[in-house]
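Listed here are the chains, written in short residue letters.
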Amino acid sequence: MATKKTSKLRALNRTGRPLARRPARRSPKAGKAPRHVYYFGDGKADGAGNMKPLLGGKGANLAEMTRIGLPVPPGFTITTEVCTYFTEHDRGYPPELEAQVEAALAKVEKSVGKKLGDPETPLLVSVRSGARDSMPGMMDTILNLGMNDAVVEIVAGKTNNPRFAWDSYRRFLQMYGDVVMGVQKRPGEDHDPFEAVIEKIKHKAGVEKDTELSVEELKTMVGGFKALIKERTGKSFPQDPRAQLWGAIGAVFGSWMNDRAIVYRRKYSIPHEWGTAVNVQTMVFGNMGATSATGVAFTRDPASGERVFYGEYLINAQGEDVVAGVRTPHPIAQLAQEMPAAHKALMKVRALLEQHFKDMQDLEFTVEDNRLYILQTRNGKRTGLAAVRIAVEMVEERLISKEDAVRRIPADSLAHLLAPIFDRQSVARAIKIGSGLPAGPGAASGHVVFSAELAVARAEKGEKVVLARIETSPEDLRGMIAAEGILTSRGGVSSHAALVARQMGKVCVCGAAGVQIDYSKRTLSANGVTLKEGDYISIDGTTGEVFAGEVTTAASEIVQVLVDRSLDGKQSPTYQQYAKLMRWVDGFRKLKVRTNADTPEQVVNAVAFGAEGIGLTRTEHMFFEGNRIDAMREMILAESKEARVKALAKLLPYQRKDFIGIFTALRGLPATIRFLDPPLHEFLPHDKEQQLDLSRKIGVPVEQITRRVQELHEFNPMLGHRGCRLGIVYPEISEMQARAVFEAAAAVQKKGIKVREEIMIPLVAFPRELKLQIGIVHRVAAEVMKEKKVKLTYLVGTMIEIPRAALVADEIARDAEFFSFGTNDLTQTTLGMSRDDSGTFLPAYAELDIVATNPFASIDQKGVGKLMEMTRDLGRKTRPDIKLGICGEHGGEPSSVKFCHRLGLEYVSCSPFRVPIARLAAAQAALE
Ligand code: PEP
Ligand code: MG
């Protein structure tokens, strides 16, 4: 603490002003000194709303509000450039700063007719941070600056309100002591030292609330605070308001580099170089009695987007009282009765702010003795639901253009619109026990189960279950389908659980590292709470939160209209607005959006969400349904080609039937079908019981099964016998799959539905791998066309998932009619980083700024992206019209979609519930 305090004060002299520096001598040619300070007041401002990088969001908007005639208390903004200078010069200031601050302060003093530290008309100011993007609560603020032993008496006399004066003084001492002089809780202390003083005085006075303290007790508190500061720092609290001011300015600039601000910037990708501005502004008081108030308001409801003035206020209070929750604020509508004039003025401000800023505003106001002041405005944070409603209604109100509406809605926020939601009151009562990665948006609540079998069994009984697994594998698929939501304690955003959940539109929280799942004890423990199998658990896949107990949920109206078809779109204004927005979106975008889907149901959902075809069908997922897995296992365990062909013959009708379903559901849209890809071991029965069961079913001795499972064991299955290597070693697998596709296509086409199949070979590294596989596809296609007497048109192409494929893309393009970037594997193989295990070390990488975002969620544009560019160029060199798309999980992530637009791909493909997000991101990319 001591070192922190010393360094905070290092750049100051005894009075707290910057150390004297000789003003830089300027030659007449050097021009004006750089401007570091921007004044605002009396309807004039040096700055403006479009100067956020220099003045921060708060400073720029204070200037803008002043310009448009809103009642803003005068003040000035010190620029973010000074913050950068301060950080780089060991807490020092540019030489011109002191004079510029003095000049601006003099203007403020003139404007309000008060002077800082004046014995008759003292000025009090606030000193607040304000970065380019708001970072709520992350940096420091000081109020009531200018108070000292003499000023407090003058304020008490002038306002005839000693309680107000002494209360303001003690609040200032507490903030100043903490933020500027570093008097804070020491390690091992339970309470903030200022709070400890307050508690002692309240205890002695026998009162519970601060507001019940008398003037004498507040005076005792002021004395106590000053003594505390002296005792902890060895220095007296500075009585000189100039010293206070420079101390506060330094502390606010310094707070840009405090731990919480750094952590926040990392989370929201705010560059450290931006810096914060400092705003020094005349104080106005909402705590001067019954004619004063303070409040916060949104120009529209930030949760629903409804065009109502939404906010709350407290009579006779300072801003911090509204947020602290000690007293319950009143809804803003009530102000019309309590302070009709202020309410009327506020309603005018509301209209003016929206007219001017053309977005929903979040504002802070104070009424001082019946006079309204606006202290801050910024674009309000909102839910996805509100984002859509506000944007669409603002177009209808002719406030913004359709382009603005499309640009302004964060594409990801549509996930919120489609997800089931937790009932707001219910979640407020729930106990949060942990958090993980928000992998599948929405809210799910149900009985926790630890195995797929139990999930299925309990769901069949009509119960809602949440499947909790350490990690999931394809064997869990049926359990995942049966569950309301999936929780894993390991795995990242492209782990199996995450991608399957997203594809199914399931709620999923993955990689919740603090959650311990014990399969043997059948318990889940987190944060001191232990749940037994069957207990209620709730997960929020939009935020990643995990709660013990039941939380009520409701389905999104859009899903009710498009997927469940339980609601008529005409009855749902939310759906109507969504549909309108999406029509605009489709008018702007160039990139097509396809879907990753393996079942007719997923296809129908995706098409309802606007998918223009399938970009990836993972055929292996089809082998887990019903008892197909037995035939699959029989095929894998076969020790001869004959035995394998026999088992494959059992699978053929299943696959054909699936493809018929998919092609029919597509109604003429294209379908990329990928041949078998995962390592074989994923299909194998690993425990003795499953092996015995299989032995009975397929009539093979269990010893033989056990031996074969051991033979097929791989040390590194993701780099093992998978992808096209399966079809290379066992061509009969590819043959069966090709036959299933073409026979299905023939059957569907005979019903009058056009089929546009695109066969995709996975994990190709060598041109000859593709050549051999394509040979099989063409041969089987010719056979089927002859047998069925139909003409089929199809394409054959490959995934680009391995760097070698990117490097020799020109050669591969000789045979491939299309490339689809499998960026899950391409990221894994380019970075040499396991997509399933990276969750354990990637958080540390983010913390140390090695990666800005998770490369499995958002394309690593510098590395993987470069390979994609190379692939595009090499591919087009050989085949100028080669079709290019992406089907990795990145295809539904907005910044990656925008990258794909810039790359000139024809389409992105993503899970059905992300299709609207990709459409919106594609439109935004086109408007960039
Ligand atoms: C990929 O690797 O990006 C891909 C789509 O294939 P999978 O996720 O099935 O490996
Ligand atoms: Mg892959």
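Residues numbered from 1 in each chain as written. Chains lettered and ligands numbered in written order. Predicted model: local features only at pLDDT ≥ 70, side-chain atom pairs only at ≥ 80, totals over all residues. Heavy atoms only, no water.

### Details of the packing of aromatic side chains
- Applying the stated criterion across every chain, the model contains 18 aromatic pairs.
- Judged by centre distance (5.7 Å) and plane angle (40°), the ring pair of phenylalanine 86 and phenylalanine 253 falls under tilted. With phenylalanine 86 in helix α3 (residues 80–88) and phenylalanine 253 in helix α9 (residues 241–254), this residue pair connects regions lying 167 residues apart in the sequence.
- By relative accessible area, which is 1% here, phenylalanine 253 ends up buried.
- A centroid spacing of 4.9 Å and a plane angle of 65° characterise the contact between phenylalanine 609 and phenylalanine 913, whose relative ring orientation is edge-to-face. Residue phenylalanine 609 is located in the loop between α23 (600–608) and β28 (614–618), and its partner phenylalanine 913 is located in the loop between β34 (907–910) and α37 (915–927); the two are separated by 304 residues in the primary sequence. For the pair phenylalanine 609 and phenylalanine 913, a shared accessibility class is recorded, and that class is buried.
- By way of ring pairs, the aromatic residues Trp166, Tyr169, Phe172, Tyr176 and Phe237 are connected into one cluster. (Phe/Tyr/Trp six-rings, centres within 6.5 Å; stacked < 30°, edge-to-face > 60°. Helix = DSSP H or I, 4+ residues; strand = E, 2+ residues; numbered from the N terminus. Buried < 20%, exposed > 50% of the residue type's maximum accessible area, 1.4 Å probe, protein only.)

### Comments concerning the nonpolar core
- In this structure, Val406, Leu581, Phe609, Phe663, Phe742, Phe819 and Met868 are the most contacted members of the largest nonpolar core, which totals 149 residues.
- Looking at this core, the element that brings in the most residues is helix α29 (residues 731–750), giving 10 residues.
- Dropping the residues within four chain positions of it, phenylalanine 609 is found in contact with Leu418, Ile558, Val559, Leu562, Val563, Tyr578, Pro912, Phe913, Val915, Pro916 and Arg919. (Core = buried A, V, L, I, M, F, W, Y, C linked by side-chain atoms within 4.5 Å. Contact = heavy atoms within 4.5 Å.)

### So, empty space enclosed by the protein
- The tally for this structure, following the rule as stated, stands at 4 cavities of 30 Å³ or more.
- Reported here for the second largest cavity is a volume of approximately 60 Å³.
- For the lining of the second largest cavity, the class distribution of residues is 7 nonpolar, 5 polar and no charged. (1 Å grid on protein atoms, 1.4 Å probe; cavity = no way out; pocket = protein on both sides within 12 Å on 5 of 7 lines; lining within 4 Å. Points joined across faces, edges and corners; volume = space filled by probe spheres on them. Nonpolar A, V, L, I, M, F, W, Y, C, P; charged D, E, K, R; others polar.)

### Some remarks on the coordination of the magnesium ion (ligand 2)
- Of the protein atoms, only Glu801 (OE) and Asp825 (OD) coordinate the magnesium ion (ligand 2), at distances of 2.0 Å. Of this pair, glutamate 801 sits in the loop between β31 (794–800) and α31 (803–807) while aspartate 825 sits in helix α33 (residues 823–831); the two residues are 24 residues apart in sequence, bridging distant segments of the chain. Assigned by exposure class, glutamate 801 and aspartate 825 land together as buried. (Donors = N, O, S within 2.8 Å, 3.2 Å for Na, K, Ca; no water.)

### As for the sheet that holds β34
- Read around the closed barrel, 8 strands run β27-β28-β29-β30-β31-β32-β33-β34, paired in parallel fashion. When strand polarity is set aside, the average angle formed by the axes of neighbouring strands in this sheet is 25°.
- Pairing of strand β29 (residues 670–674) with strand β30 (residues 756–761), which is carried by 5 bridges, proceeds in the parallel orientation. Across the sheet, the residue bridging to isoleucine 673 is isoleucine 759, located in β30. (Pairing = 2+ DSSP bridges. Axes fitted to C-alpha atoms, helices over the stretch in contact; angles between N-to-C directions.)

### Considering the pattern of salt bridges
- One pass over the full model with this rule turns up 52 salt bridges.
- A salt bridge links arginine 378 to aspartate 362; its shortest N-O distance comes to 3.3 Å. Residue arginine 378 is located in strand β13 (residues 371–379), and its partner aspartate 362 is located in strand β12 (residues 361–368); the two are separated by 16 residues in the primary sequence.
- A relative accessible area of 27% places arginine 378 in the partly exposed class.
- Here arginine 919 ties to aspartate 586 by a salt bridge, and the two come within 2.7 Å at their closest N and O atoms. Of this pair, arginine 919 sits in helix α37 while aspartate 586 is found in helix α22 (residues 573–588), placing the two residues 333 residues apart along the sequence.
- One salt-bridge network, held together by shared partners, links Arg656, Glu735, Arg739, Glu743, Arg779, Glu783 and Glu787. (Salt bridge = Lys/Arg side-chain N within 4 Å of Asp/Glu carboxyl O.)

### Some points on unusual backbone geometry
- Its identity is not glycine, yet asparagine 144 carries a phi of approximately 65°, on the positive side.
- Checked against the element boundaries, asparagine 144 lands in strand β7 (residues 141–145).
- Accessibility expressed as a relative area gives 0% for asparagine 144, which makes it buried.

### What to know about helix α18 (residues 452–460)
- For α18, the complete set of buried residues consists of Ala452, Ala455 and Arg458. The buried residues of α18 occupy an angular sector of 135° when the element is viewed end-on, so they sit on one face. Among the exposed residues of α18, those pointing more than 90 degrees away from its buried face are Glu453 and Glu460.
- Check the buried side of α18 and you find it contacts β17 (443–449), β18 (465–469) and α19 (477–482).
- Trailing α18 by a residue or two, glycine 462 shows a phi angle of about 90°, which is positive. (Arc of directions from axis to C-beta.)

### What to know about the packing of helix α6 (residues 162–179) against α9
- In contact at an axis separation of 10 Å, α6 and α9 are set at 50° when each is read in the N-to-C sense. It follows from the interaxial angle that α6 and α9 lie oblique. Note on packing geometry: the crossing formed by α6 with α9 is left-handed. Where α6 abuts α9, its residues Phe172, Tyr176 and Val179 lie against Ala243, Gln244, Gly247, Ala248 and Ala251.
- Along the lines of polarity and charge, the residues of the contact of α6 with α9 split into 6 nonpolar, 2 polar and no charged. (Parallel < 35°, antiparallel > 145°, perpendicular 65-115°, else oblique. Left-handed = near helix turned anticlockwise from the far one by under 90°.)

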